[in-house]
Number of protein chains: 2
Amino acid sequence: MNSQSTYGTTEHQARAVHWFSKLRDDLCRALELLEADLEGPNASSELQPGSFKQTTWERPGEGGAAGGGGTMSVLRGRVLEKAGVNISEVNGEFSPEFRKNIPGADDDPTFWAAGISVVIHPRSPLVPAAHMNTRMIVTKKAWFGGGGDLTPVFADDEETALFHRAYKNACDRHDPSYYPTYKKACDAYFYLPHRKEPRGVGGIFVDNLNSGDWEKDFAFIQDIGLSFMGIYPQLVRRAMDLPWTEAQKQAQLVKRGRYVEFNLLQDRGTLFGIKTGGNTEAILMSMPPEVHWP
Amino acid sequence: MNSQSTYGTTEHQARAVHWFSKLRDDLCRALELLEADLEGPNASSELQPGSFKQTTWERPGEGGAAGGGGTMSVLRGRVLEKAGVNISEVNGEFSPEFRKNIPGADDDPTFWAAGISVVIHPRSPLVPAAHMNTRMIVTKKAWFGGGGDLTPVFADDEETALFHRAYKNACDRHDPSYYPTYKKACDAYFYLPHRKEPRGVGGIFVDNLNSGDWEKDFAFIQDIGLSFMGIYPQLVRRAMDLPWTEAQKQAQLVKRGRYVEFNLLQDRGTLFGIKTGGNTEAILMSMPPEVHWP
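Quantities reported herein were computed from a predicted structural model and do not represent experimental measurements. (Residues numbered from 1 in each chain as written. Chains lettered and ligands numbered in written order. Predicted model: local features only at pLDDT ≥ 70, side-chain atom pairs only at ≥ 80, totals over all residues. Heavy atoms only, no water.)

Asker: Kindly report on the sheet that holds strand S3 (residues 80-93) of chain A, identifying the contributing residues and their values.
Answerer: All names here are of chain A. The strand order across the open sheet built from 7 strands is S1-S2-S3-S4-S5-S6-S9, with neighbouring strands paired in antiparallel fashion. Either end of the sheet is taken by a strand with one partner, and the two such strands are strand S1 (53-58) and strand S9 (202-209). Neighbour-to-neighbour, the strand axes of the sheet open up by a mean angle of 10°, direction not taken into account. Against the sheet, helix H5 (residues 214-239) contacts S3, strand S4 (110-122), strand S5 (129-138), strand S6 (142-151) and S9, and its axis sits at roughly 165° relative to S5. (Pairing = 2+ DSSP bridges. Helix = DSSP H or I, 4+ residues; strand = E, 2+ residues; numbered from the N terminus. Axes fitted to C-alpha atoms, helices over the stretch in contact; angles between N-to-C directions. Contact = heavy atoms within 4.5 Å.)

Asker: Can you explain the relation of the copies chain B and chain A? Please cite residues and give values.
Answerer: Each copy of the chain is related to the other by a rotation around an axis and a translation along that axis. Note on the identical chains: chain B maps onto chain A by a rotation of 180° and an axial translation of 0.0 Å, with an RMSD of 0.0 Å. Here the two chains are linked by the operation of a two-fold rotation axis. Comparing contact sets, 100% of the residues at the interface of chain B also lie at the interface in chain A, consistent with an isologous, same-surface contact. (Least-squares fit on C-alpha atoms with pLDDT ≥ 70 in both.)

Asker: Go over the pairing of S9(A), please, and point to the residues and values.
Answerer: All names here are of chain A. Buried residues dominate S9, accounting for 6 of its 8 residues. Bridge count between S6 and S9: 6 bridges; the pairing is antiparallel. Looking at the pairing, Gly148 lines up with Ile204 of S9. (Buried < 20%, exposed > 50% of the residue type's maximum accessible area, 1.4 Å probe, protein only.)

Asker: Explain empty space enclosed by the protein residue by residue, including any values.
Answerer: Taken as a whole, this structure holds 2 cavities of 30 Å³ or more when the rule is applied. In this structure, the largest cavity occupies an estimated 100 Å³ of space. As for the largest cavity, its lining consists of His121(A), Pro122(A), Ala129(A), Thr151(A), Val153(A), Arg199(A), Gln252(A), Lys255(A), Arg256(A), Arg258(A) and Tyr259(A). Looking at the lining of the largest cavity, the elements that each hand over two or more residues are S4 and helix H6 (246-265) of chain A. Ranked by the residues each element gives to the lining of the largest cavity, the list is headed by H6(A), at 5 residues. Residue composition of the lining of the largest cavity, by class: 4 nonpolar, 3 polar and 4 charged. In this structure, the second largest cavity is lined by His121(B), Pro122(B), Val127(B), Pro128(B), Ala129(B), Thr151(B), Val153(B), Gln252(B), Lys255(B), Arg256(B) and Tyr259(B). For the lining of the second largest cavity, the secondary-structure elements that each account for two or more residues are strand S4 (110-122) and helix H6 (246-265) of chain B. Along the lines of polarity and charge, the residues of the lining of the second largest cavity split into 6 nonpolar, 3 polar and 2 charged. (1 Å grid on protein atoms, 1.4 Å probe; cavity = no way out; pocket = protein on both sides within 12 Å on 5 of 7 lines; lining within 4 Å. Points joined across faces, edges and corners; volume = space filled by probe spheres on them. Nonpolar A, V, L, I, M, F, W, Y, C, P; charged D, E, K, R; others polar.)

Asker: So what about the interface of chain B and chain A? Which residues, and what values?
Answerer: Where interface size is quoted, it is often the accessible area lost as the parts come together. Taken together, the contact between chain B and chain A spans 21 residues of the former and 21 residues of the latter. Roughly 1900 Å² is buried in total at the junction of chain B and chain A, and carbon and sulfur atoms are behind 62% of that figure. Its largest share of buried area at the contact with chain A, chain B owes to Leu264(B), Leu265(B) and Trp293(B), together 32% of the area lost on that side. Where chain B touches chain A, the interface holds 2 salt bridges. Breaking the side of chain B that touches chain A down by element, the ones donating at least two residues are H6, helix H7 (268-275), helix H8 (280-283) and strand S10 (290-292) of chain B. Classifying every residue of the side of chain B that touches chain A gives 12 nonpolar, 3 polar and 6 charged. Both strand S10 (residues 290-292) of chain A and S10(B) contribute to a ladder of 3 bridges, which runs antiparallel. Residue pairing for S10(B): His292(A) is matched across the bridge by Glu290(B). (Buried area = accessible area lost by both parts, 1.4 Å probe. Salt bridge = Lys/Arg side-chain N within 4 Å of Asp/Glu carboxyl O.)

Asker: Could you give an account of the side chain of Asp267(B), naming the residues involved and the relevant values?
Answerer: All names here are of chain B. Within the element layout of this structure, Asp267 appears in the loop between H6 and H7. Here Asp267 sits buried without a salt bridge, and the closest side chain of opposite charge, Arg199, lies 5.7 Å off (N-O distance). Ignoring any residue separated from it by four or fewer positions in sequence, one finds Asp267 in contact with Tyr189 and Phe262. (Lys, Arg positive; Asp, Glu negative; His and termini not counted.)

Asker: Kindly report on helix H4 (residues 178-189) of chain B, identifying the contributing residues and their values.
Answerer: All names here are of chain B. Counted at 1.5 Å a residue, the expected span for H4 with its 12 residues is 16 Å, and the 16 Å between its end C-alpha atoms agrees. For H4, the set of buried residues is Tyr178, Tyr179, Tyr182, Cys186 and Tyr189. Buried positions in H4, seen along its axis, are confined to an arc of 105° and lie on one side of it. Opposite the buried face of H4, at more than 90 degrees from it, the exposed residues are Lys184 and Ala188. (Expected span 1.5 Å × (residues − 1). Arc of directions from axis to C-beta.)

Asker: Pulling in residues and values, what's your account of the packing of aromatic side chains?
Answerer: As enumerated under the stated definition, the model contains 32 aromatic pairs over all chains in all. Ring geometry for Phe163(A) versus Tyr167(A): centroids 5.4 Å apart, planes at 75°, classification edge-to-face. Of the two residues, Phe163(A) and Tyr167(A) are both situated in helix H3 (residues 157-172); the distance of 4 residues between them amounts to about one turn of the helix. Taken as a pair, Phe163(A) and Tyr167(A) share a single burial class, namely buried. Seen from their ring centres, Tyr189(B) and Phe205(B) are 4.3 Å apart, and the 15° between their planes marks the pair as stacked. With Tyr189(B) in helix H4 and Phe205(B) in strand S9 (residues 202-209), this pair connects stretches of sequence that are 16 residues apart. The class of Phe205(B) is buried, set by a relative accessible area of 13%. (Phe/Tyr/Trp six-rings, centres within 6.5 Å; stacked < 30°, edge-to-face > 60°.)

Asker: Can you lay out unusual backbone geometry for me, pointing to particular residues and giving the numbers?
Answerer: Positive phi, close to 50°, is recorded for Asn208(A), a residue that is not glycine. Looking at the secondary structure, you find Asn208(A) in strand S9. The phi dihedral of Lys196(B) falls on the positive side, at around 55°, and the residue is not glycine. Looking at where Lys196(B) falls in the secondary structure, it is placed in the loop between strand S7 (191-192) and strand S8 (197-198). Here Lys196(B) falls in the exposed class, since its relative accessible area comes to 68%.

Asker: Could you give an account of the packing of H6(A) against H6(B), with specific residues and numbers?
Answerer: Packing of H6(A) against H6(B) brings their axes to within 9 Å, and their N-to-C directions diverge by 50°. Classed by the angle they form, the pair H6(A) and H6(B) counts as oblique. Between H6(A) and H6(B) the crossing geometry is right-handed. When H6(A) is examined against H6(B), the residues Val260(A), Glu261(A), Leu264(A) and Leu265(A) are found in contact with a partner set consisting of Val260(B), Glu261(B), Leu264(B) and Leu265(B). In the contact of H6(A) with H6(B), the residues fall into 6 nonpolar, no polar and 2 charged. (Parallel < 35°, antiparallel > 145°, perpendicular 65-115°, else oblique. Left-handed = near helix turned anticlockwise from the far one by under 90°.)

Structure, rendered in structure tokens:
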């Protein structure tokens, strides 16, 4: 598919898949180190340092061209109550209802897609939840998407600034217009109109990225992942050893309810996956482990 | 509005509103009695019998004709961890995207709607969760809708049979075709395709009910509420004094996740309310108080 194109060739696809897999490995190792490095009162509970467990799944081949699958890596630990890192590579045909909304799919509904998706729900209410994903999609067109965003229970100006600075630096290395554009897109996307609340403190949100230069775009997409791996563990370490109160924990469980509401009511990737017969366990890996609606 | 019609007159509207309010009062009293009557080991905790607390809300008058409001009654008790009974009476104009899907709203988007909605999440995993609602809607047309359904964690044949018999009896008093029709509609509606699971063990689900005889339909709608008030407390009493295990409680918290997924991904009333600027707290009163995604 599209092997004659100069953007999104089969070689490009193979390189993207390899990158998502390598990023998964490195990120999982970085997150497991957090588990090992916990100190102080939070380390004295009966909870042991967590490690990632992998589960693979295959996409049921309902259409003739459908195929592929993925690997879920899930850690349930003492710092990170639940951390999920999914990678997947799938192909098939978009159903008629989706074709008109997908670039390049109106004439030919066949697609190929691969990506990495990361959702982290820390145990401490003082450590921010986080989300990162990057993806490459090929129809008759080809493009990248992705981003990273932070969802603290109690927003902290320094923490927010550190996170945004990391993404600004990553963006500025590639194009000075990226950070303002993608930060704004992130704020617009991660907003709950029915609550009149943002989901978190933002980050960047990129979609339909195709500058015409695949190498340039792929380098940026890699930096979205590398920046996340650079900054998020640092933010966890700032707060993971601090004690928290029952009231702070309750506030976290309620905040997680907003996260569930966003993902099930609004998140395009979640709704698209659910409605197109995607792997439910992998899609809903994003759900927080424990949630309260008070 | 529609005062010249013979179905859904202003007098009909007033009588429906009065009924929803009376049913609310009676049902809340019946549920509070459960709280008082708990015995055995489950009554020995520090939890006190719960009682309903009411909160009223007004619909923001964004359109010229928009108005109305409602009253939420919420009990947080020792038998019923969270029970919510909402009544509302609202009017306004359907937004363009909804007009073509609502009977009688394509030419004239003004509407009036009133109803009662009940969602009960018991503390014990051996006591089934339940949902009941009835509503009357007036556009250029007028109709009733409603139903009741049961969501046990561990389905029990006798319990399921008692619940269905109550609704079969209620239906058969009005029309022998109702129970098979509305039971089937309930099974079809309360199903999670992404999990390939039913939400619970069913009940009845009625929509667009207009036989041409408002009195006949109103009598049936009243029986949907009365049947629920007759059978559900009986089902709670069968199981509320029994001890449960931690594993059973965990299964309940996971089952509640399915309830959240259904309501936020699929439930027409929830999605309609959220997307039309309804009262978020009242709509999401249906969320379980504590949920796990393992």
